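# Topology and contacts: notes
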Amino acid sequence: ILETEKFIRGFNIDFDYSTMDEEVETGVSSSIVRCESTNSEASFYNECNTLLRSSPDEEVPERVIEQHKPRANSLSNDYGAIRKHRRQNTHDSIGSADYCDDINDVAEIRRTKVELTVADLSYHSNNYKYRLYQWNLIPIAIFYALPVIQLVAGIQLLVHYTGNQNICYYNYLCSRPLGVLQQFNNIFSNIGYVLLGILFLLIVKHRDSRYQAVIAEKPILGKRHGLPQHNGIYYSVGFSLVMEGILSASYHVCPTGYNFQFDSTFMYLMAGLLMLKIYQLRHPDVNPHAYTAYIFLSLTVLIEVVGVYTVQSRYFWILFAMFYVVATLYFTSHMYYMGVISVDCGIFTRISLFFRNELFNSPRPLYMDRFVFLVLVLTLNFSAAILGVIFMPSDFPSFLLAVFLINLLAYFAYYVLMKFIHGEFPYPITIFCGLLTMVTWICALYFYFSTVTNWQLPAAKSRQKNRYCLILDFYDNHDIWHIISSMALFFGFVTVLTLDDHLLNRPRNEIKVF
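The paragraphs below set out a description of the structure included in this document.

### With respect to the environment of F491
Along the chain, the position of F491 falls in helix α19 (residues 477-497). Once the C-alpha coordinates of F491 and T437 are considered, the two residues, 54 residues apart in sequence, prove to be 5.3 Å apart. What F491 contacts, discounting residues up to four positions off in sequence, is C433, L436, T437 and T440.

Shown next, in the form of structure tokens:
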């Protein structure tokens with residue numbers, strides 16, 4: 001069984017099983033006798049692919065697995081497709097080689113197919129894996145929010161009793177106090193995030209209940225048709241929108257540059273979770289575990305906190321750019337090879353082999369559509385890293401948030417474009433919500449950049465930017481940003497939620513992976 005595209009491309013390697021002690025009495029026994037590579041990728045793949053299961057319901061007998069295990073242990077692999085491996089001589093003709101120790105995990109081998117379908121990547125699809133996203137996020141949010149609320153409450157009491165106007169950056173021309181809260185209108189306008197987040201959670205729950213009722217009557221629909229319906233990340237996204245409203249309100253109790261991270265933390269989470277969800281739609285077996293995703297996002301928040309205090313240091317920007325580049329290289333390699341790259345001390349060797357083979361040694365990339373998209377992603381992210389080192393923007397949290405949003409928009413655009421290329425056209429409700437998302441974001445960004453305060457300036461100069469209320473003598477420009485951006489986020493979530501509804505009755509082996 002071949003594990004890398006190097007063998008698919010025509011290496012002269014023979015697989016002779018004719019010397020087995022006894023013939024394998026299965027439907028694939030005649031194909032197991034001999035599988036010899038040819039110069040034609042398609043014919044070679046078709047010849048060898050019969051060794052694998054052709055559908056999720058077809059099982060490989062244990063007898064076949066045991067008889068093939070000794071032979072499989074001798075197959076080399078440049079990229080670590082199987083997690084359990086041992087390193088061989090790095091100076092041989094194959095290069096840095098990993099060896100298959102567990103033939104049972106044939107799903108990872110299947111990921112190297114040139115033409116993948118959802119059926120190939122939904123063998124081990126486990127809804128419990130995705131429910132961990134929502135259940136892990138709840139304690140994370142509680143432990144993060146409680147110290148935030150305690151901190152801003154203490155600062156607000158200090159400002160209230162001392163009368164010091166140089167601590168918090170308020171719009172004093174549209175300040176509507178309530179009790180000790182100096183600018184209650186900026187706090188109350190975040191209610192849209194909370195209400196629309198709860199509404200999105202209810203929509204996801206309703207759709208989930210209806211889907212479970214349908215597959216209870218027709219179980220075959222849940223196994224062989226449509227994309228696997230895992231809603232754990234959707235619940236996490238909806239809960240993140242609720243927490244964004246709570247933490248944004250906490251930030252506006254006393255807005256400063258040092259606590260702006262409270263307002264942006266769950267924006268990172270929503271952007272990261274949406275990227276994971278779009279990827280998970282057609283890669284349920286490849287999507288990372290909840291623990292891995294939250295550890296990476298927590299590192300992002302840690303980098304943001306360090307950046308707030310060291311943003312003027314060139315050394316910080318250089319170290320950040322190095323981390324940024326390495327993370328980008330890993331994620332692009334992971335996406336290109338569908339997660340078959342092992343994370344260990346040999347990962348950098350595998351990444352270098354990836355670029356050497358696909359950019360220099362190969363007349364044509366094996367996965368052309370993925371290759372073109374990932375080259376664009378690398379260009380965007382490398383440019384952002386270089387610009388950061390050169391210009392060192394003073395608002396590091398906003399810079400980091402822009403990086404997340406650019407990658408989210410790029411991946412969403414790629415996903416939609418590939419759907420149209422493969423003849424998949426969403427329902428009108430999806431297109432309508434997508435248009436509403438664009439319109440509301442344009443309006444929201446207009447008010448966002450119409451600033452009424454600026455904590456990058458001294459407090460006295462920031463007050464010169466204050467403006468009067470625009471609506472009902474209560475809401476200023478930033479309040480309107482809160483209201484419209486909450487609507488834009490909600491419409492965007494619904495767009496992703498309904499993006500593939502038209503595929504629910506289509507067989508999974510006819511749904512392409514991209």
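### Some thoughts on unusual backbone geometry
The backbone of M392 shows a phi angle near 45°, a positive value even though the residue is not glycine. The topology assignment puts M392 in the loop between α15 (368-391) and α16 (396-421). Given a relative accessible area of 17%, M392 falls into the buried group. For D473, which is not a glycine, the phi torsion comes out positive at approximately 55°.

### Side note on a nonpolar patch on the surface
Together, Y291, I295, L299, L302, V306 and F323 make up a nonpolar patch on the protein surface, roughly 550 Å² of accessible area in all. Examining the composition of the nonpolar patch, we find that five residues originate from one element, helix α12 (residues 290-310), more than from any other.

### Considering the packing of aromatic side chains
Counted according to the given criterion, the structure contains 37 aromatic pairs. Each ring, one from F296 and one from F331, has its centre 5.2 Å from the other, and the planes form 85°; the classification is edge-to-face. With F296 in helix α12 and F331 in helix α13 (residues 314-336), the pair connects residues that are 35 residues apart, well separated along the chain. The class of F331 is partly exposed, set by a relative accessible area of 35%. Taking 5.2 Å as the distance between ring centres and 80° as the angle between the ring planes, the aromatic pair formed by Y446 and F447 counts as edge-to-face. A residue is classified by how much of its surface remains accessible, and Y446, at 57% relative accessible area, is exposed. Taken together, the ring pairs connect F316, W317, F320, Y324, F396 and F399 into an aromatic cluster.

### Overview of the state of the cysteines
Put plainly, two cysteines are in a disulfide when a covalent bond ties their sulfur atoms together. For the structure on display, the rule yields two disulfides. Put simply, C168 and C254 are joined by a disulfide, and their sulfur atoms are 1.8 Å apart. Taking the sign of the S-S torsion, -95° for the link of C168 and C254, the bridge is left-handed. With a gap of 86 residues between them, C168 in the loop between α6 (127-162) and α7 (184-188) and C254 in the loop between α10 (232-251) and α11 (260-280) connect regions that are remote in the sequence. Given a relative accessible area of 1%, C254 falls into the buried group. Disulfide pairing is shown between C174 and C469; the S-S distance is 1.8 Å. The chirality of the disulfide connecting C174 with C469 is right-handed, given an S-S dihedral of about 105°. Taken as a pair, C174 in the loop between α6 and α7 and C469 in the loop between α18 (459-463) and α19 lie far apart in primary sequence, 295 residues in all. With relative accessibility at 15%, the residue C469 sits in the buried group.

### Re the nonpolar core
Nonpolar side chains in soluble globular proteins tend to be buried together. One finds Y133, F200, Y294, W317, F320, F396 and F493 to be the most contacted residues of the largest nonpolar core, which totals 94 residues. The leading source of residues in this core is α11, at 13 residues. When neighbours within four sequence positions are excluded, F200 is seen to be in contact with Y234, G238, F490, F493, V494 and L497.

### Concerning α12
Its 21 residues give α12 an end-to-end C-alpha distance of 30 Å, which sits within 8% of 30 Å, the value for a rise of 1.5 Å per residue. Taken as a whole, α12 has its buried residues at A290, A293, Y294, L297, T300, V301, I303, E304, G307 and V308. In this structure, the buried residues of α12 make contact with α6, α10, α11, α13 and α16.

### Overview of the pattern of salt bridges
A full pass over the atoms with the stated rule returns six salt bridges. Among the salt bridges present, the one from R207 reaches D501, with a minimum N-O distance of 2.9 Å. Of this pair, R207 sits in helix α8 (residues 191-217) while D501 sits in the segment after α19, and the two are 294 residues apart along the sequence. Note that R282 is salt-bridged to E424, the shortest N-O span being 2.5 Å. Highlighted residues: R282 in the loop between α11 and α12 and E424 in the loop between α16 and α17 (428-449), separated in sequence by 142 residues. Through salt bridges with shared partners, a single ionic network connects R282, K419, E424 and D500.

### Concerning the packing of α6 against α11
Here α6 crosses α11 at 170°, and the two axes come no closer than 11 Å. Compared by their axis directions, α6 and α11 come out roughly antiparallel. Counted together, Y130, Y133, L137, A141, Y144, V148, L151 and V152 of α6 and Q261, F262, T265, F266, L269, L273, L276 and Q280 of α11 form the full contact between these two elements. Grouping the constituent residues of the contact of α6 with α11 by class yields 13 nonpolar, three polar and no charged.

### Some points on α17
Here α17 spans 32 Å end to end across 22 residues, near enough to the 32 Å set by a 1.5 Å rise per residue. In this fold, the buried residues of α17 make contact with α19.

### Focus on the side chain of S485
As for its position among the elements, S485 is in helix α19. A distance of 2.6 Å separates the side chain of S485 from the backbone oxygen of W481, its partner in a polar contact. For S485, the contacting residues outside a window of four places in its chain are Y193, W441 and A444.

### A look at the packing of α6 against α12
Two elements in contact, α6 and α12, have axes whose closest approach is 9 Å; the angle formed by their N-to-C orientations is 40°. With respect to α12, the element α6 is oriented oblique. Handedness of the α6/α12 crossing: right-handed. Touching L132, Y133, N136, L137 and I140 of α6 are A290, Y291, A293 and Y294, all from α12. Of the residues in the contact of α6 with α12, the class split is eight nonpolar, one polar and no charged.

The rules we used
- Residues numbered from 1 in each chain as written.
- Predicted model: local features only at pLDDT ≥ 70, side-chain atom pairs only at ≥ 80, totals over all residues.
- Heavy atoms only, no water.
- Helix = DSSP H or I, 4+ residues; strand = E, 2+ residues; numbered from the N terminus.
- Contact = heavy atoms within 4.5 Å.
- Buried < 20%, exposed > 50% of the residue type's maximum accessible area, 1.4 Å probe, protein only.
- Patch = residues over 30% accessible without salt bridge, like charges linked within 9 Å, V, L, I, M, F, W, Y side chains within 5 Å.
- Areas by Shrake-Rupley, 256 points an atom, 1.4 Å probe, with all protein chains shown as cover.
- Salt bridge = Lys/Arg side-chain N within 4 Å of Asp/Glu carboxyl O.
- Phe/Tyr/Trp six-rings, centres within 6.5 Å; stacked < 30°, edge-to-face > 60°.
- Disulfide = S-S within 2.5 Å.
- Core = buried A, V, L, I, M, F, W, Y, C linked by side-chain atoms within 4.5 Å.
- Expected span 1.5 Å × (residues − 1).
- Axes fitted to C-alpha atoms, helices over the stretch in contact; angles between N-to-C directions.
- Parallel < 35°, antiparallel > 145°, perpendicular 65-115°, else oblique.
- Nonpolar A, V, L, I, M, F, W, Y, C, P; charged D, E, K, R; others polar.
- Polar contact = N/O pair within 3.5 Å; in protein donor to acceptor, adjacent residues only side chain to side chain.
- Left-handed = near helix turned anticlockwise from the far one by under 90°.

That's the geometry; what it means functionally is another story.
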